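Coordinate inspection notes
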There are 2 protein chains.
Amino acid sequence: MATHRFDPNFTDNVINAMGPKTNPRFQKLMASLIRHVHDFARENELTVDEWMAGVKLLNWAGQMSDDKRNEGQLVCDVIGLESLVDEITFKLAEEAADAPTATAILGPFFRADTPYRNNGANIVKGVTDGEIVFMHGRVIDYQTKKPLVGATVEVWQASTNGLYEQQDPNQEEFNLRGKFRTDADGRYYFYCLRPTPYPVPNDGPAGKLLELMDRHPFRPAHIHILATHEGYKPLTTQIFDRQDKYLTNDSVFAVKDSLIVDFVPRKDDPQAGLELEYDVKLVAAPQ
Amino acid sequence: MATHRFDPNFTDNVINAMGPKTNPRFQKLMASLIRHVHDFARENELTVDEWMAGVKLLNWAGQMSDDKRNEGQLVCDVIGLESLVDEITFKLAEEAADAPTATAILGPFFRADTPYRNNGANIVKGVTDGEIVFMHGRVIDYQTKKPLVGATVEVWQASTNGLYEQQDPNQEEFNLRGKFRTDADGRYYFYCLRPTPYPVPNDGPAGKLLELMDRHPFRPAHIHILATHEGYKPLTTQIFDRQDKYLTNDSVFAVKDSLIVDFVPRKDDPQAGLELEYDVKLVAAPQ
């Protein structure tokens, strides 16, 4: 820890104020958080005015948040925290088994009530300026490589205007999202959009932070995937278009090399000019 | 920095995403904040669920905050952050001059529109279970020791039920607060309550944190003071009753030894059984 000229006992006093009934994990987290926050303040000689500007920004995040929007989450995302805790959680899971498909952040646009659709369905409605992709693949057991029958693959993506359906009154309910069940060969398949880059909402404190940090708000084009199967760990991930110009500077730092995919030309399909094959590898849950 | 098994470049990547137009002080603060937050997550192997619990708590703080309540500030207060940045700001001021009266946090109950009252006024209305104090003293220049004529001493305090007037519909407007101007001898004097301890509001996230940390919400009895005079640095402080049982475990860590005072018996005053003499020492502002 850096030396400093402030009360050397202050931080220990705050930490030691915690009582004996504190949950041990919570005690550890709060002690560490208090130490880091205090070190941050001392190392930078944070002033009352600077601290209060931070308080106002965090209060603003809460005031903007509701059932449809989690601005506190987005503030964390733009400083990489959601991707980091995702990496940590994934690493712990990986060490418990072998490496399955890499995870990526859930993000704020997941909907728990997305309906099942039949394989072969087209999840794109009312989009005239996008490229249609035939996406298909299998869900397999990471260790045995066996296909998993009846697994669920849920996908969601933004439209070409950068908006998910719940952000956009001009899109129909559940547009560009759907759940699919793998068939007897463990296969899923459907038509979707080639994803396009879009900015995270930047009308709140996360946008203000990005502006102050002289950063752009764009996310590289991606498709969200949540794959589940009984007896397996649920997998949350995103796959990214290798051609995207924001691949190396995602505003929420979610890109991993193993999640970059190639959209290839598809012939003889009147419904789609592109194709994407993507297998999802799930890890058996501990019994 | 602790060694760890996560992507060694991740934090630098997030910090280096800041662009060249970032304000230098903001760049320094964000780089340090990002490093501390990431180290906190890695050192504790913070999980997605634990992180999301923190996001919800911070959003809740913003949702509870309005013109009359700043819950984000209170969350900072219970982990000692407001007192720490106060110490830092005070230390920097002290080094710029000599040691004046120590500062303490403003707290969330200050009102900018408090009226002036005449010296000798009683700021206590409608309180039947308290002890009345004749509080008096001088405002002086810290270096020359000369009294300052026409300086403003503003005070505010909670009632015996633990509530400031803006929290309590049963107290009249501006009860237990007032501004006083020093007379030709630099003196101020008025009647107030001997302060009593009270809990910080604990119906929100700050209260939840206190409960989870197995801590009480009480603040030791205190009187808030804001002293100002043209050509001098404004002073925000609190003075604490030496008899209070919470003196060594203030829930917001604001007590300093030099701010502890003694209420002594007062004779022959039908209006007050106690007396407090307190001189306020101001530092000349740089020209």
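Definitions and cut-offs
- Residues numbered from 1 in each chain as written.
- Chains lettered and ligands numbered in written order.
- Predicted model: local features only at pLDDT ≥ 70, side-chain atom pairs only at ≥ 80, totals over all residues.
- Heavy atoms only, no water.
- Least-squares fit on C-alpha atoms with pLDDT ≥ 70 in both.
- Contact = heavy atoms within 4.5 Å.
- Axes fitted to C-alpha atoms, helices over the stretch in contact; angles between N-to-C directions.
- Helix = DSSP H or I, 4+ residues; strand = E, 2+ residues; numbered from the N terminus.
- Parallel < 35°, antiparallel > 145°, perpendicular 65-115°, else oblique.
- Left-handed = near helix turned anticlockwise from the far one by under 90°.
- Nonpolar A, V, L, I, M, F, W, Y, C, P; charged D, E, K, R; others polar.
- UniProt positions renumbered as here; feature names shortened; annotations may be inferred.
- Polar contact = N/O pair within 3.5 Å; in protein donor to acceptor, adjacent residues only side chain to side chain.

**Let's talk about the relation of the copies chain B and chain A**
For the pair chain B and chain A, the best superposition has an RMSD of 0.0 Å and corresponds to a rotation of 180° with a translation of 0.0 Å parallel to the axis. Interpreted geometrically, this transformation is the action of a two-fold axis. Relative to the rotation axis, the closest C-alpha in chain B is found at G62 of chain B, a distance of 2.0 Å. Counting the interface residues of chain B, we find that 99% of their copies in chain A are interface residues as well, pointing to one common contact surface.

**A short note on the packing of helix α3 (residues 48-64) of chain A against helix α4 (residues 71-78) of chain B**
Closest axis-to-axis distance for the α3 of chain A/α4 of chain B pair is 8 Å, and the angle between their directions is 125°. Regarding the angle of α3 of chain A to α4 of chain B, the classification is oblique. Crossing angle aside, the handedness with which α3 of chain A passes α4 of chain B is right-handed. Judged by residue contacts, W51, M52, V55 and N59 of chain A of α3 of chain A engage E71, G72, Q73, C76 and D77 of chain B from α4 of chain B. Classifying every residue of the contact of α3 of chain A with α4 of chain B gives four nonpolar, three polar and two charged.

**Focus: the UniProt feature "domain: Intradiol ring-cleavage dioxygenases" (unreviewed entry) in chain A**
In the numbering used here, UniProt assigns the feature "domain: Intradiol ring-cleavage dioxygenases" (unreviewed entry) to residues 106-282 of chain A. Here residues 106-282 of chain A runs as 5% helix and 32% strand, with 17 Å between its end C-alpha atoms.

**Let's talk about the environment of E275 of chain A**
All names here are of chain A. The topology assignment puts E275 in strand β11 (residues 274-277). Distance from E275 to G150, taken between C-alpha atoms, is 23 Å for residues 125 residues apart in sequence. The residues touching E275, leaving out its near neighbours within four places in the chain, are V133, F134, H136, D262, F263, V264 and R266. There is a polar contact of 2.8 Å between the side chain of E275 and the side chain of H136. Only 3.0 Å separates the side chain of E275 from the side chain of R266, close enough to count as a polar contact.

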